[in-house]
Structures are given as C-alpha cells and as structure tokens.
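Okay, here's what each chain looks like letter by letter:
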Amino acid sequence: MADTADSSPISPDAEGSGRQNRLQRYRDLRFSEEELAVILLTPVVSFLCVVSFYPIFDTIMASLHSGYVLEMNPRQFVGLENYRSLLGDGPLLDRILNGGGFWNALRVSLIYTFVSVPIELVLGLGLALLLNREFKGKYFAQAAILFPWAIPTVINARIWAWMFNGQYGVVNDLLIRIGIFESAFPFLAKPDTALIAMLFITIWKTSSFMALILLAGLQSIPDHLYEAARMDGASRVRQFWDITLPLLKPTLLVALIFRTLPAFQAFGLPFGLTGGGPASATTTLVLFDHQLTFNRLNFGEGAATATIITLIAAAIAMIYVQTLYEPEVR
Amino acid sequence: MSHDSNSLEIERFQWVGKKVGFYGSIFIIALVSVFPILWMFITSLKQPGNIVTFPVEYIPRDPTLANYRAAFEGAPFFRYMLNSAIVATGTAILSVFLGAMAGYALSRLRFRFKLPVLLLILGTAMLPFIARLIPLFSLARSWGLLNNYLGLIIPYTAFQLPFAVWIFQAYFKELPDSLEEAGLMDGLSRIGVLFRIILPVSAPAMATAAIIVFIYAWNEFLFALTFMTEDSMRTITVGIALYQGEFQYPWGTISAAVFMSVIPLILFMLFFQRKVVEGLTATGKA
C-alpha cells in the first residue's frame, strides 16, 4: 500500500519539515481524514472524468461539427446544422406524431419506456411480495424467478426471436393449442405486433430485476411494524397500504430510476430481435443513433442524437428525484 | 357437534385450496421464467430436420448432440466464453477495489465537499452509454486498447463504479463506529483500519457488488460489439448475436450456443442469488 502514498496530492511536505518527517509518514501512513479521503477518491474521480465526463463533452462538441469521421476528415464547425437536419422542419406537433427518422425513434423509445416500466414495477412488486414469504422450495423458486434478469439482453432477444418465429415458433404453437389462434401469425413481421412482442419480452425479463430490488427493500422493513399492525387489527390490505408501500418508497424510487434510464436506452433487444424493423416500428432512439453513426457514418447527426438522448435522460432523472426524493437528515 | 366438524372440514378445505393455489402460482411463474432457456435446451437436442416443423415437437425424438458439435465447429464459442470471463472478472475486481476505496471515504471520513463528490460520482450513472461510445472508441484506438481486454474492462468499470460506490458507502455507514475506534486505539493507521478491519467484515457488500458487476460485464453488448473488432476477441454475447450460418438461419446451432453460454449464469443464480438479495437488503437499510 506504500505506493498509494506517492500519489497523494495533499502531502506536500514543505522543504523545511524535513526528510525524517516524510519517512515517518510513509512508514505509518498516518494521514489526516481529509488527506486519506483525497487519496482514496482521486483514482475514482479522475477515472470517471476521463471515461464519463470527457466523452460527453466530446460528443456535444461533435454534434456541432461536421465531417467528424474519426479524424479522417478535419472537423468543421457547423453550429446547430446537425440538429436542424436531424429534427427537420414543419409544424412541431405534426413531426412529433408522424415524423420519421428521429421522431419515429423517439416515439418508439417513449412508448417502450413508459409502457414497460410501470407494468414491470407492478409485476415485480407482486413477485417480490410472493418471494418475501417463507415456503418450501423457495430457494429454487427464487433462483428460477430471478433468472431472466441474468440472461444477456441481446441473447434473450435471439431466444425470443426464435420463439416468436412466424413459421416454427413455439409461441404460435402454444396459442393455437390453447385455441386463441387458428393459424400461425408472423408477430415480428408486422409493425404493431413487433412492438408489442418487444414490450412483452422486456417486461418478462425486467420484472425479475424489479423483484430483486423490491425484495431487498421488503426484507429491510422491520417485522415488529407488522406485528403491531396485526395487534391493532389491521387487515393485510391495510398493512400493505399503510406500512409496506410508504416504507418501500425509497426502493421504488431507486428501481424506477434504475429501470427508466436503461429502458430509454434500449439497444440490444431491438438489435437482436428485429434489427429495428419492420418499417422502423421497433427502432429505438439508441438503435437509430447506432444506425446513423455506424451504417450511414453520419457522425454529426449521430452525436446530435446522443446529445438529445443525454438531455432527455437528465430530465427524466431530475423529474424522478424531484417528485420522489424526501429530504432526510443524514 | 356435526356443525362444528363441518366448518372444520370447510376450513381445512380452504387451507388446502390456498396451499394449492399458492404453490400452483409459484410453479407457473417459475415455469414462465425459465421456459425460454428450457426451450433453447429442447431445441438444441433436436435432430436438425425436426427443428423446423410445425406443429412443433415438445420432446425431441432421437435427441442428438449434433447441434453442439456444429456450434463448436462453426465459431470459437469457448474462446468467446473465455474472453467474457476475463473481461467480467477483471471488471468485478477493479470495481470492487475502487468502489470500496471511494465508498469508505464517502461514508466514514470527514472532509470538505463530500456531498458534491458523492453526487458527481452517482451522477455519472445517468450519462447515456451511446453518448460515450464514439469518444471512448477514439480514445481506445489511440491508446491501442481496441481488441484488448482492458479496452472493455476500463469503460465497464467506469459504468459500474457509481453503483459499486453506492453499495459500499451504504454498507460502511451501517458499521458501528467502535470498530474503527478500537483499531485506532490499537495503533493502526486509518489505512490499516480500512484494510485490516473494515474490508474483512464487508464480504457481503463485496459479494453483492462483484456479482452484479460481473453479470453486467458478461451481458454488455454495445461496447463489446464496437471495441472488439477481431473475431478471436469477441465476447460470448457478441459472438452469439453476430453468429450466422452458412446457409439458412441455424436455429439449432444457435440454441446450443445460447444454452452453453447461460450455463455459468444458471450456476451463478443457483449459488449466489441469496448473497445478492442479502447484500441489497443491507444497503437498502441505509
């Protein structure tokens, strides 16, 4: 550990204080609390500055330039030109509702996020309440129920693409056996059903993640609260509304933020399931950005899209923190 | 008397009904949760000709391992898994190490600008990955980190650090002050306290952080797709996503590859799920 001391920005021994003093320090590694904090935090903060803040800054700059194809061409400052061609012109409302390209991707991402996340939250809470009870075989049930969370998103997409296959898919087979369908239906080949299938898959997968987080929250609610409520004659439903839900609020906030932002950045699922089709019906914002950047090599508009995604993500995070955060004295 | 036994009967009947309903719903939910993987397994055992039939067959006739052989011949899936394992392990170790250091400072040391630093670290979790992709790609290229494990370990660690820091600072905050006081009294330095006393009792937080970070790194796709351009350096997620057969789409081979790739995850869930929940519970209290 002696080498961490070398990187300490705060131990500038004054020339006068002498070698002895410094040696003593290195030997004992006795820092003040603040010195130690700086030593421990410097690697993390500098790491994040290089890998997280600098790239965002660079992307914003790239969105204001053209010809930025990984240094092959010199960059040219074009102001907001990339944004203008990305967002098009015409009445704003019309573009929001019917526009293609960026606007279509924005609609897909918003629908994807704000349909799937609330359903996942409710289903996840149901699963968590179920798993919060003690029963025989709980260990295996819990492993099975939490399993979808662990499957890689893009591999999951491939699995479901096979299961939803229009000719040989097991989903079609089951629906026909139950009697809901008469013949096989090409779910992923029709715009509406492709989007619905994508929503179904993400809800299936992510409800287990929600359950994981909410289960942890449920287990940290002290039992004596429920005992007291039972003694007062409160029903189970009452207990849920008056104890579980309020005490689960911080966990719900974490789960919402943890899910909304990734859902808004969905990429692997449409990439592996449909490639964004048919007719861009499942092209999410990040997939759109990816295609813009890597297929059409339009780095300027790609960076502009990424900047807009960053702004929307920041807005979502701030709205959640504002509405759900209760100031606490820590 | 008969009335009494009658109502007892009814109660007993209701009790049995409740049990059956409860276990029945648990069973159905568990089945729905594992069905896709089960289906991959079933598909992978079918004779190639029996995969593309409709109505589908639920129990493979003449089960075969031909699809597994085809998977190994068609692409270096073992190599992909090895790459994934190296990247995920490296990311987990680095994240735990840096996360514990920062988490300790943020929860147990007094210093100026603590809240801004915490918010700065957590705030990076909100930054979209796609907005960091191209600049990091340029950086990785100029530093020679493309097709290099570190090229993925470094960004993954940065992405998971906010989470790791959060886990550790929440966990450390709950430890009693007397732990440190005893250590300082015995003549340990503060760093000594961190490494000799705090870290050894933090195994649950380490396990939680390491497992979640590992699974994240194993599963990540966007950066793995972009930074590993050589086939031999691909991770398993990218390897499977990009796998194309020579002729028609090879569902049997894909199923075999998918099933092999999730075996580590199945073992992970069986052995470590309780650790994950416990660790998250400990941090939820903070």
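The rules behind these values
- Residues numbered from 1 in each chain as written.
- Chains lettered and ligands numbered in written order.
- Predicted model: local features only at pLDDT ≥ 70, side-chain atom pairs only at ≥ 80, totals over all residues.
- Helix = DSSP H or I, 4+ residues; strand = E, 2+ residues; numbered from the N terminus.
- Rg over C-alpha atoms; globule rule 2.2 N^0.38 Å.
- Buried ≥ 20, exposed ≤ 12 C-beta atoms within 10 Å, placed from the backbone.
- Contact = placed C-beta atoms within 7 Å.
- pLDDT = per-residue confidence, 0-100.
- Core = buried A, V, L, I, M, F, W, Y, C linked by C-beta atoms within 7 Å.
- Nonpolar A, V, L, I, M, F, W, Y, C, P; charged D, E, K, R; others polar.
- Axes fitted to C-alpha atoms, helices over the stretch in contact; angles between N-to-C directions.
- Parallel < 35°, antiparallel > 145°, perpendicular 65-115°, else oblique.
- Left-handed = near helix turned anticlockwise from the far one by under 90°.

Draft legend 1. Layout of the overall build of chain B. Secondary structure assignment for chain B yields 13 helices and 0 strands. Secondary structure elements in chain B, listed N-terminal to C-terminal, are α-α-α-α-α-α-α-α-α-α-α-α-α. A compact globule built from 286 residues would reach a C-alpha radius of gyration of about 19 Å, whereas chain B, at 25 Å, exceeds it by more than 25%. Taking the principal axes of its C-alpha atoms as reference, chain B extends roughly 80 × 70 × 35 Å. Counting the 286 residues in chain B, one finds 48% classified as buried. Excluding contacts between residues fewer than 6 apart, the proportion of contacts in chain B whose partners are at least 24 apart in sequence is 77%.

Draft legend 2. Local environment of the environment of S208 of chain A. Here S208 of chain A shows up in helix α10 (residues 191-219). Expressed as a C-alpha distance, the spacing of S208 of chain A and A306 of chain A, which sit 98 residues apart in the sequence, is 29 Å. Contact partners of S208 of chain A, with chain neighbours within four places excluded, come to L127, I145, L146, F147, P148 and W149 of chain A together with S33 of chain B.

Draft legend 3. Just the confidence of the model for chain B, in detail. Summing up the model confidence of chain B, the mean pLDDT is 86 and the portion of residues at 70 or higher is 95%. Among the prediction metrics, the complex's ipTM stands at 0.86, with pTM recorded as 0.85.

Draft legend 4. Seen up close, the nonpolar core. In this structure, A211 and L214 of chain A together with A102, A105, F168 and A209 of chain B are the most contacted members of the largest nonpolar core, which totals 174 residues. A per-element tally of this core places helix α7 (residues 149-173) of chain B first, with 15 residues. Other than its neighbours up to four places away in sequence, F168 of chain B contacts G99, A100, G103, Y104, A205 and A209 of chain B.

Draft legend 5. Inspection of the interface of chain B and chain A at higher detail. Facing 68 residues of chain B, the contacting portion of chain A comprises 76 residues. Per element, the largest residue contribution to the side of chain B that touches chain A is 16 residues, and it comes from helix α13 (residues 251-285) of chain B. In terms of residue class, the side of chain B that touches chain A is built from 53 nonpolar, 11 polar and 4 charged.

Draft legend 6. The arrangement of the environment of L253 of chain A in detail. Relative to the helices and strands, L253 of chain A resides in helix α12 (residues 236-264). Placed 67 residues apart in sequence, L253 of chain A and Y320 of chain A show a C-alpha to C-alpha distance of 7.3 Å.

Draft legend 7. Representation of the packing of helix α3 (residues 33-63) of chain A against α7 of chain B within the structure. Contact geometry of α3 of chain A with α7 of chain B gives a least axis separation of 10 Å together with a crossing angle of 125°. Relative to α7 of chain B, α3 of chain A is oriented oblique. Read as a crossing pair, α3 of chain A and α7 of chain B show a hand that is left-handed. Judged by residue contacts, V44, F47, L48, V51 and S52 of chain A of α3 of chain A engage I154, P155, A158, L161 and V165 of chain B from α7 of chain B. In the contact of α3 of chain A with α7 of chain B, the residues fall into 9 nonpolar, 1 polar and no charged.

Draft legend 8. Local environment of the packing of α10 of chain A against α12 of chain A. Residues and elements named next belong to chain A. Remark: α10 packs on α12, axes separated minimally by 9 Å, with the N-to-C direction vectors making an angle of 155°. Judged by the angle between their axes, α10 and α12 are roughly antiparallel. α10 and α12 meet at a crossing whose hand is right-handed. Across from T206, M210, I213, L214, G217 and L218 in α10, the residues of α12 making contact are L248, T251, V254, A255, F258 and R259. Partitioning the contact of α10 with α12 into residue classes produces 8 nonpolar, 3 polar and 1 charged.

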